[in-house]
Amino acid sequence: MLVPFAVAATPAAAATTPQVSCTSAKAGLAGKLQQHITAALANRKGTVAVGLHDRSTNTTCTLRSTKAYDSASIVKVTVLATLLWDAKKHNRLLTQRESDLATAMITKSDNAATTKLWRQLGVSKVKGFLTAAGMTQTKPGADGYWGLTQITVRDEQRLLALLTARNSVLSDNSRAYTLKLMGKVISSQRWGTPAGAPSSVSVHVKNGWLSRSTHGWRVHSVGTFKGGGRDYTISILTHGNSTMNYGVTTIQTVARAIHKDLVPTTASTRRYTPTSTPKEAFPAVPTA
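Computed from a prediction, not measured in an experiment: that's the story for all the values here.

1. Here we look at the overall build of the protein chain
For the protein chain, the count of helices and strands is eight helices and nine strands. Compactness check: the protein chain gives a C-alpha radius of gyration of 18 Å against a globular reference of 19 Å for 288 residues, within 12% of the reference. If you line up the protein chain on its principal axes, its C-alpha atoms span 55 × 45 × 35 Å. In the protein chain, which comprises 288 residues, the proportion classed as buried is 53%. Restricting to contacts in the protein chain with at least 6 residues of sequence separation, those with at least 24 account for 67%. Accessible surface, the protein chain as shown: approximately 12,400 Å² in total, 55% of it carbon and sulfur.

2. Some remarks on the confidence of the model for the protein chain
In the predicted model, the protein chain carries a mean pLDDT of 93, and 93% of its residues have values of at least 70. Within the model, pLDDT remains below 50 along residues 7-15, and this stretch shows four contacts once partners closer than five positions in the same chain are excluded.

3. Comments concerning the pairing of strand β8 (residues 217-227)
Taking burial as the measure, the eleven residues of β8 include nine buried ones, the bulk of the element. Of the strand pairs in this sheet, strand β7 (residues 202-211) and β8 are connected by ten bridges, and their pairing is antiparallel. Bridging from a neighbouring strand, V205 pairs with G223 of β8. Taken together, β7 and the strand that follows it, β8, pair antiparallel across an intervening segment of five residues, in which H215 is found at a positive phi of about 65°. If you look at the hairpin formed by β8 and strand β9 (residues 230-241), you'll find two residues sitting between the two strands, and G228 has a positive phi there, around 60°.

4. A word on unusual backbone geometry
Within the chain, S109 stands out as a residue other than glycine whose phi angle is a positive 55°. Secondary-structure assignment places S109 in the loop between α4 (96-107) and α5 (111-133). What makes S109 buried here is its relative accessible area of 0%. With a phi close to 65°, H215 is a non-glycine residue in the positive phi region. With respect to the helices, strands and loops of the structure, H215 is situated in the loop between β7 and β8. What makes H215 partly exposed here is its relative accessible area of 46%.

5. Some thoughts on the state of the cysteines
One pass over the structure, following the stated rule, counts one disulfide. Residue pairing for C22: its cysteine sulfur links by disulfide to C61, the two sulfurs lying 2.1 Å apart. Judged by the sign of its S-S torsion, about 115°, the bond between C22 and C61 is right-handed. Here C22, found in strand β2 (residues 21-24), pairs with C61, found in strand β4 (residues 59-63); they are 39 residues apart in sequence, far enough to count as distant. No difference in accessibility class separates C22 from C61, as the two residues are buried.

6. Thoughts on the pattern of salt bridges
Oppositely charged side chains may form a pair once their charged atoms are brought near each other. Counting across every chain of the model gives nine salt bridges. Between R55 and D231 there is a salt bridge, with the nearest N and O atoms lying 3.5 Å from each other. Placement of R55 in the loop between β3 (47-54) and β4 and of D231 in strand β9 is noted, with a sequence separation of 176 residues between them. The exposure class of D231 is buried, given its relative accessible area of 15%. Across the pair R218 and D70 runs a salt bridge, and its minimum N-O distance is 2.8 Å.

7. Quick word on the packing of helix α3 (residues 75-89) against helix α7 (residues 172-182)
Put simply, α3 and α7 touch, their axes get as near as 10 Å, and they point 150° apart. Classified by the angle between their axes, α3 and α7 sit roughly antiparallel to one another. Crossing of α3 over α7 shows right-handed handedness. Contacts from V77, L80 and L84 in α3 reach S174, Y177, T178, L181 and M182 in α7. Partitioned by chemical class, the residues of the contact of α3 with α7 number six nonpolar, two polar and no charged.

8. Brief notes about the environment of G229
Examined against the element boundaries, G229 turns out to sit in the loop between β8 and β9. We classify G229 as exposed; its relative accessible area is 54%. For the pair G229 and K26, spaced 203 residues apart in the sequence, the C-alpha separation amounts to 13 Å.

9. Examining helix α8 (residues 244-262)
In this model α8 runs 27 Å from its N-terminal to its C-terminal C-alpha over 19 residues, within 8% of the 27 Å that 1.5 Å per residue would give. The element α8 is largely enclosed, with a buried count of 14 among its 19 residues.

Scoring rules and cut-offs
Along each chain, numbering runs from 1 in the same order as the chain's sequence is written. Only residues with pLDDT of 70 or above have their local features reported here, since the model is predicted, and side-chain atom pairs are shown and tallied only from 80 upward, although totals for entire chains, interfaces and linings are computed over all residues. To get the side-chain values, take all heavy atoms of the structure and skip hydrogens and water. Runs of H or I in DSSP of at least four residues are treated as helices and runs of E of at least two as strands, each being numbered from the N terminus. Computation of the radius of gyration draws on C-alpha atoms, with the globule rule given as 2.2 Å multiplied by the number of residues to the power 0.38. Accessibility here uses a 1.4 Å probe with only protein chains present; expressed as a share of the type maximum, an area under 20% marks a residue as buried, one over 50% as exposed, and anything in between as partly exposed. Only heavy atoms matter for contacts: two residues are in contact if any of them lie within 4.5 Å across the pair. Surface exposure here means Shrake-Rupley accessible area, sampled with a 1.4 Å probe, where a residue is shielded only by the protein chains that are shown. Predictor confidence is given residue by residue as pLDDT, running from a minimum of 0 to a maximum of 100. Any two strands are treated as partners once DSSP identifies two or more bridges connecting them. The disulfide criterion used throughout: a pair of cysteine sulfur atoms within 2.5 Å. Salt bridge, as used here, is a side-chain nitrogen of Lys or Arg placed within 4 Å of a carboxyl oxygen of Asp or Glu. Here an axis means a line fitted to C-alpha atoms, over the contact stretch when the element is a helix, while the angle between two N-to-C directions is reported on a 0 to 180 degree scale. For this classification, under 35 degrees means roughly parallel, over 145 means roughly antiparallel, 65 to 115 means roughly perpendicular, and everything else is oblique. Left-handed describes a crossing whose near helix is turned anticlockwise from the far helix by less than a right angle; the clockwise case is right-handed. When residue character is reported, Ala, Val, Leu, Ile, Met, Phe, Trp, Tyr, Cys and Pro are called nonpolar, Asp, Glu, Lys and Arg charged, and the others, Gly included, polar. Multiplying 1.5 Å by the helix residue count minus one yields the expected span of that helix.

Right, here's the structure in full:
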């Protein structure tokens, strides 16, 4: 039985405090998550969208789930999924070239590798995968600008769900391959949603950032987490950040609250602390 939970904000806070909606089959969990995510976002500037789903407790939290953001490097997971989906359709394995490009694209966020795969696939195949995946709110970037693909938390959560459970869109080998690469992201790019994850939980992550004249810095992080009796995915998208680090801090504050509530541990348990100097490749975008 899902138990919805929402806290009514005071009149003074209603205009500025984001309202997170949570449901859970576990008594008390929805209310705890809603309270702590809302507190983590208090006084943070910018526009933040949050998605959380835990299969083990049938827990879901959403905030601005259909709000569109420029993808930056987050779209690289979709590019890899499209490549694997297309290979499955033709009953073939990835070539060594494709495997090398995919590895660089995910583990190092290599932009040149992404552009090569994006051009190889073409927008039509990307759209084909999006349709098959039910990611109807995602719009591929025009004129080769994959970093300007429009994404939503709802669709990113759908993609993560495909990667973490058996389905007819991606083969088991494809899912395992993608998660393997997301688990090998270089340390300077393992910031964001992994923040605060306990050592008992496996971490798979992809991040992105991008600065433009409108909406300032876009800073995003998506991740899958399994262990400690939990199996959950987190997507956090932001824009309107004054700096990249400001957006990273917002994401990591929310992530720490989620991990703490989903996987309570003793005080002595080690929780993941991301690098203090986060880095991510900067995708090409139009100058105008």
